[in-house]
Amino acid sequence: MLQSGDLIFVRSHIDRPVEDLISFGEFLLEREQKQKVAHLYCHVAVYVGGNTVYEAQGGRKSGPANLGDYFGDYDIGHLKITDNQRRAFLGALPKENGLPYDWTGIFWLVVYILTLKRCGRRYHEQRRRYCSKYVEWALGLAGVVVDGLTPSTLALDEHVQIEVCAKVRAV
């Protein structure tokens, strides 16, 4: 069941260029890490209640969006954190809202993945976010350290328990 503070992992679709690129990168990382996720994810958002998610989405600033945009197209990531950490996480999300999308971070992520991490360090931007970094930073402000490199690496994190959903409806 979907609860406030759960993560929404959006499944990838074929024939959508950005999603295809993210899915290919996820495939390369999955193959290298020898870990399997139920689906390759192209996006992650945070359910905050009602029909609302908070997310960092390309083409606009981070912040609230409509859960209905993902109807039946996602899996739920239940966070294995304390109630205090969940409250801190939900309280930290608005601090991450209003930031521009991090296209430079996406470009660097592509380089990082295509070179199979041989390019060295990860890129870190202080005032821009892409989806999994948005979640990673807000969780970090709540004292929870996760791997937000991509949506699927976040889904594989020990703090996340995936509930694979055939069809999902808002509560």
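Owing to the predicted nature of the structure, the values given are computational and were not obtained by experimental measurement. (Residues numbered from 1 in each chain as written. Predicted model: local features only at pLDDT ≥ 70, side-chain atom pairs only at ≥ 80, totals over all residues. Heavy atoms only, no water.)

Draft legend 1. Spotlight on the overall build of the protein chain. A count of helical and extended segments in the protein chain gives five helices and six strands. Secondary structure elements of the protein chain occur, N-terminal to C-terminal, as β-α-β-β-β-β-α-α-α-α-β. Within the span of the protein chain, comprising 171 residues, buried residues form 47% of the whole. In the protein chain, once contacts between residues fewer than 6 apart in sequence are set aside, the share between residues at least 24 apart is 71%. Here the protein chain has roughly 8600 Å² of accessible surface; of this, 56% comes from carbon and sulfur atoms. (Helix = DSSP H or I, 4+ residues; strand = E, 2+ residues; numbered from the N terminus. Buried < 20%, exposed > 50% of the residue type's maximum accessible area, 1.4 Å probe, protein only. Contact = heavy atoms within 4.5 Å. Areas by Shrake-Rupley, 256 points an atom, 1.4 Å probe, with all protein chains shown as cover.)

Draft legend 2. Quick peek at the packing of aromatic side chains. For the structure on display, the rule yields two aromatic pairs. Relative to Tyr-41, the ring of Phe-9 lies with its centre 5.1 Å away and its plane at 45°, an arrangement referred to as tilted. Placement of the pair is Phe-9 in strand 1 (residues 7–11) and Tyr-41 in strand 2 (residues 41–49), with a sequence separation of 32 residues. A single burial state applies to Phe-9 and to Tyr-41, both of which are buried. (Phe/Tyr/Trp six-rings, centres within 6.5 Å; stacked < 30°, edge-to-face > 60°.)

Draft legend 3. Here's a closer look at the side chain of Glu-136. Among the structural elements, Glu-136 can be located in helix 4 (residues 131–141). Polar side-chain contacts of Glu-136 include one of 2.8 Å to the side chain of Lys-133. (Polar contact = N/O pair within 3.5 Å; in protein donor to acceptor, adjacent residues only side chain to side chain.)

Draft legend 4. Spatial organisation of the nonpolar core. Leu-7, Phe-9, Phe-89, Val-135 and Leu-139 are the most contacted members of the largest nonpolar core, which totals 23 residues. Elements that contribute at least two residues to this core include exactly strand 1, strand 2, helix 2 (83–96), helix 4 and helix 5 (151–155). For this core, the leading source of residues is helix 4, giving five residues. Ranked by size, the runner-up nonpolar core spans 13 residues in total, among them Val-10, Ala-45, Leu-67 and Tyr-74. (Core = buried A, V, L, I, M, F, W, Y, C linked by side-chain atoms within 4.5 Å.)

Draft legend 5. Geometry of the pattern of salt bridges. Counted under the stated rule, the structure contains five salt bridges. The partner of Asp-6 in a salt bridge is Arg-86, and the shortest N-O contact between them spans 3.8 Å. Placement of Asp-6 in the segment before strand 1 and of Arg-86 in helix 2 is noted, with a sequence separation of 80 residues between them. When its relative accessible area of 16% is taken as the criterion, Arg-86 is described as buried. Between Arg-60 and Glu-55 there is a salt bridge, and its shortest N-O distance comes to 2.4 Å. With a relative accessible area of 32%, Arg-60 lands in the partly exposed category. Using a relative accessible area of 2% as the deciding quantity, one classes Glu-55 as buried. (Salt bridge = Lys/Arg side-chain N within 4 Å of Asp/Glu carboxyl O.)

Draft legend 6. Here's a closer look at the environment of Gly-63. Secondary-structure assignment places Gly-63 in strand 4 (residues 63–66). Sequence separation of Gly-63 and Tyr-134 is 71 residues, and the distance between their C-alpha atoms is 9.8 Å. When sequence neighbours within four positions are dropped, the list of residues in contact with Gly-63 reads Val-53, Tyr-54, Glu-55, Asn-97 and Tyr-134.

Draft legend 7. The arrangement of the pairing of strand 5 (residues 74–79) in detail. Strand 5 sits mainly inside the fold: six of its six residues count as buried. Residues of strand 5 alternate between two faces, with Tyr-74, Ile-76 and His-78 on one and Asp-75, Gly-77 and Leu-79 on the opposite face, all of them buried. Relative to strand 5, strand 1 is paired through four bridges, and the arrangement is antiparallel. Bridge pairing links Phe-9 to Asp-75 in strand 5. As defined by bridge partners, strand 5 adjoins strand 6 (residues 160–163) across four bridges and the pair is classed as antiparallel. Directly across from Gly-77, in strand 6, lies its bridge partner Ile-162. (Pairing = 2+ DSSP bridges.)

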